Amino acid sequence: QLQLGESGGGLVQAGGSVRLSCAASGRTFSNYYMGWFRQAPGKEREFVAAISRSARTSYADSVKGRFTISRDNAKNTVYLQMSRLKPEDTAVYYCAARPDGGIEFGSWGQGTQVTVSS
């Protein structure tokens, strides 16, 4: 499995921006479909964004146009650029990896907290 570690979270004001990073190790990063998920207090974990090996991206409707997912295979890292943040974006953000052609996200990071103040 891929080992994942997120960084970049913190406290930010509404309307602000923050970039999350997820560093991977242990396998060939470029072979994995990468995703970002989030979990707010008292809520289920939800999909945020994903990026394929060929850099095709997909987004949840709630973040479309505000968040951008990208990957740097040379650095074994996936990023989530978050802009125009809203208080409802407050959550623990997790990156996850799914082997290309796989069904489930089998590798997860420990999460990083993002808090958006109004």
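Residues numbered from 1 in each chain as written. Predicted model: local features only at pLDDT ≥ 70, side-chain atom pairs only at ≥ 80, totals over all residues. Heavy atoms only, no water.

S.K.: Explain the pattern of salt bridges to me, and be specific about the residues and the numbers.
M.R.: Under the defined criterion, the tally for this structure stands at four salt bridges. A salt bridge links aspartate 61 to lysine 64, with the shortest nitrogen-to-oxygen separation between them at 3.2 Å. Through salt bridges with shared partners, a single network forms among Arg38, Glu46, Arg66 and Asp89. (Salt bridge = Lys/Arg side-chain N within 4 Å of Asp/Glu carboxyl O.)

S.K.: Talk me through the sheet that holds strand 1 (residues 3–7); I want residue IDs and the actual numbers.
M.R.: Across the sheet, four strands lie side by side as 1-3-8-7; this open sheet has antiparallel pairing. Two strands close off the open sheet at either side, each with one partner strand: strand 1 and strand 7 (67–72). For this sheet the average axis-to-axis angle between neighbouring strands, irrespective of direction, equals 15°. Where strand 7 lies against strand 8 (residues 77–82), six bridges are found, and the strand directions are antiparallel. Considered in strand 8, the bridge of isoleucine 69 is made with leucine 80. (Pairing = 2+ DSSP bridges. Helix = DSSP H or I, 4+ residues; strand = E, 2+ residues; numbered from the N terminus. Axes fitted to C-alpha atoms, helices over the stretch in contact; angles between N-to-C directions.)

S.K.: Quick rundown of the state of the cysteines? Include the residues and the values.
M.R.: Under the definition given, this model contains one disulfide. Between the sulfur atoms of cysteine 22 and its disulfide mate cysteine 95 the distance is 1.9 Å. Between cysteine 22 and cysteine 95 the sulfur-sulfur dihedral comes to about 45°; the bridge is accordingly right-handed. In this pair, cysteine 22 is assigned in strand 3 (residues 18–25) and cysteine 95 in strand 9 (residues 91–99), connecting sequence segments 73 residues apart. In terms of burial, cysteine 22 and cysteine 95 fall into one category: buried. (Disulfide = S-S within 2.5 Å. Buried < 20%, exposed > 50% of the residue type's maximum accessible area, 1.4 Å probe, protein only.)

S.K.: Describe unusual backbone geometry, with residues and values.
M.R.: With a phi angle near 55°, asparagine 76 is a residue other than glycine that sits in the positive phi range. Within the element layout of this structure, asparagine 76 appears in the loop between strand 7 and strand 8.

S.K.: Can you lay out the side chain of arginine 66 for me, pointing to particular residues and giving the numbers?
M.R.: Tracing the backbone shows arginine 66 in the loop between strand 6 (57–59) and strand 7. In terms of polar contacts, arginine 66 uses its side chain to reach the backbone carbonyl oxygen of arginine 84, at 2.9 Å. (Polar contact = N/O pair within 3.5 Å; in protein donor to acceptor, adjacent residues only side chain to side chain.)

S.K.: I'd like a rundown of the pairing of strand 8, residues and numbers included.
M.R.: With five of six residues buried, strand 8 is to be regarded as a mostly interior element. Sheet analysis places strand 3 next to strand 8, joined by six bridges and oriented antiparallel. Bridge pairing in strand 8 links leucine 20 to leucine 80. Counting the residues that bridge the hairpin from strand 7 to strand 8 gives four residues, and of these asparagine 76 lies at a positive phi of roughly 55°.

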